[in-house]
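Chain residues, written in single-letter form:
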Amino acid sequence: MTARFPAARPRRLRSSAALRDLVAETRLDVGRLVAPLFVREDIDTPQPIASLPGVVQHSRASLREEVSALADLGVRAVILFGVPAEKDAVGSGAFDPQGIVQVALRDLAADVGDEMVLIADLCVDEYTSHGHCGVLDGPAGDPHTSVDNDATLEIYGKIAVAQADAGAQVVAPSGMMDGQVGAIRAALDAAGHKSVAILAYAAKYASGLYGPFRDAVDCAIVGGGDRKAYQQDWRNAREALVEVQADIDEGADMVMVKPALAYLDVIAAVKATVNVPVAAYQVSGEYAMIKAAAANGWIDHDAIVGEHLTAIHRAGADVILTYFARWFAEAHAGRRSAAR
Ligand code: PBG
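Residues numbered from 1 in each chain as written. Predicted model: local features only at pLDDT ≥ 70, side-chain atom pairs only at ≥ 80, totals over all residues. Heavy atoms only, no water.

Glancing now at empty space enclosed by the protein. Using the criterion set out here, one finds two cavities of 30 Å³ or more in the structure. Looking at the largest cavity, its volume works out to about 150 Å³. Lining the largest cavity are 18 residues, with Asp125, Lys204, Tyr210, Phe213 and Lys258 sitting closest to its centre. Empty space within the second largest cavity amounts to approximately 50 Å³. Taken together, Leu80, Phe81, Gly82, Ala94, Val101, Asp121, Cys123, Glu126, Tyr127, Ile159 and Gln163 form the lining of the second largest cavity. Put simply, the parts of the chain that give the lining of the second largest cavity at least two residues each are strand S4 (77–83) and helix H4 (149–166). No other element matches S4, which puts three residues into the lining of the second largest cavity. Among the residues forming the lining of the second largest cavity, the class breakdown is seven nonpolar, two polar and two charged. (1 Å grid on protein atoms, 1.4 Å probe; cavity = no way out; pocket = protein on both sides within 12 Å on 5 of 7 lines; lining within 4 Å. Points joined across faces, edges and corners; volume = space filled by probe spheres on them. Helix = DSSP H or I, 4+ residues; strand = E, 2+ residues; numbered from the N terminus. Nonpolar A, V, L, I, M, F, W, Y, C, P; charged D, E, K, R; others polar.)

This part is about the pattern of salt bridges. On inspection of all chains with the given rule, the structure shows nine salt bridges. Close ionic contact of Arg64 with Asp107 constitutes a salt bridge, the shortest N to O distance being 3.3 Å. Of this pair, Arg64 sits in helix H2 (residues 60–72) while Asp107 sits in helix H3 (residues 100–112); the two residues are 43 residues apart in sequence, bridging distant segments of the chain. Arg64 sits in the partly exposed class, given a relative accessible area of 29%. The exposure class of Asp107 is buried, given its relative accessible area of 7%. Taking the shortest distance from any N to any O, the salt bridge between Lys271 and Asp318 comes out at 2.9 Å. Of the two residues, Lys271 is situated in helix H8 (residues 264–273) and Asp318 in the loop between helix H10 (301–315) and strand S10 (319–322); the sequence distance between them amounts to 47 residues. Classification of Lys271 as partly exposed rests on a relative accessible area of 34%. You can call Asp318 partly exposed: its relative accessible area is 21%. Look at the salt bridges and you will find they share partners, linking Arg60, Arg64, Asp107 and Asp111 into a network. (Salt bridge = Lys/Arg side-chain N within 4 Å of Asp/Glu carboxyl O. Buried < 20%, exposed > 50% of the residue type's maximum accessible area, 1.4 Å probe, protein only.)

What follows is the structure, given as structure tokens:
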């Protein structure tokens, strides 16, 4: 008896790896990836981060080595996060010309120059003693205290200029303050940094998936608060388009959705709506879940990483920030075919 459906379309096109490669709609390449890197002030040896296996807090020297290695592997961009030795109420380490990220940017600009896009995360939560992304309008830990949006914008402007002065080609505001992109654009222009671009964390959700990142930057919110008053509510997708449009109107050159895998609908909606490059951040919790399950032998690490990154690209992300950037670059070095 002959089979009733011997080889129907589109199954005929799945019969060999070469044919599958030929017709694949989506192909991820290393040039789209951005490696997030942590650099900590006043350390000589890199420090492991328990909840992010394989990711470290770099010393100045180990950061330089890592970025040169990434450049050799074909990674084209990094985003830097600083871990200062001292924190204070306004996060002054973020805009101090001698602050850790500024020092690191000058190192890297000298090492890799135009070979690599140097992106600086622009926020103060790593630098504030209370752990919020802006300055507060009252005592830390008090339930009536909130972030003072406009006072924070002035600080963001100073950070942008300090980062650009130090060699950042792109600044990436992640604090979700209203008007942050406009304020930063104005500050950069006034300081003569007209060609420094802004990657806006435009649709950033108040996600539980940032937990390991807070370990990575030694950040805890005083009083156990959260960021739900300024980051987006994950029950809502449409307001992401309002946020994204506002950022573009204020001058964002690229817009980001964060986290990535649980927000593929948002990535797709943003991609369908805007005409600037769309980035997505596969955040620390997404990385940690894969690492933990793989360490238990419950999932196939390499297969899942390829699947997740490709799905994020398929949904519409032109650029992907991922802690797997180095893994991807190593796995695909010299391969004839990109991710499958
Ligand atoms: C804020 C910032 C955060 C992340 C990137 N920038 C933390 C937060 O908003 O709480 C999270 C990234 C990750 O989880 O990998 N400066």
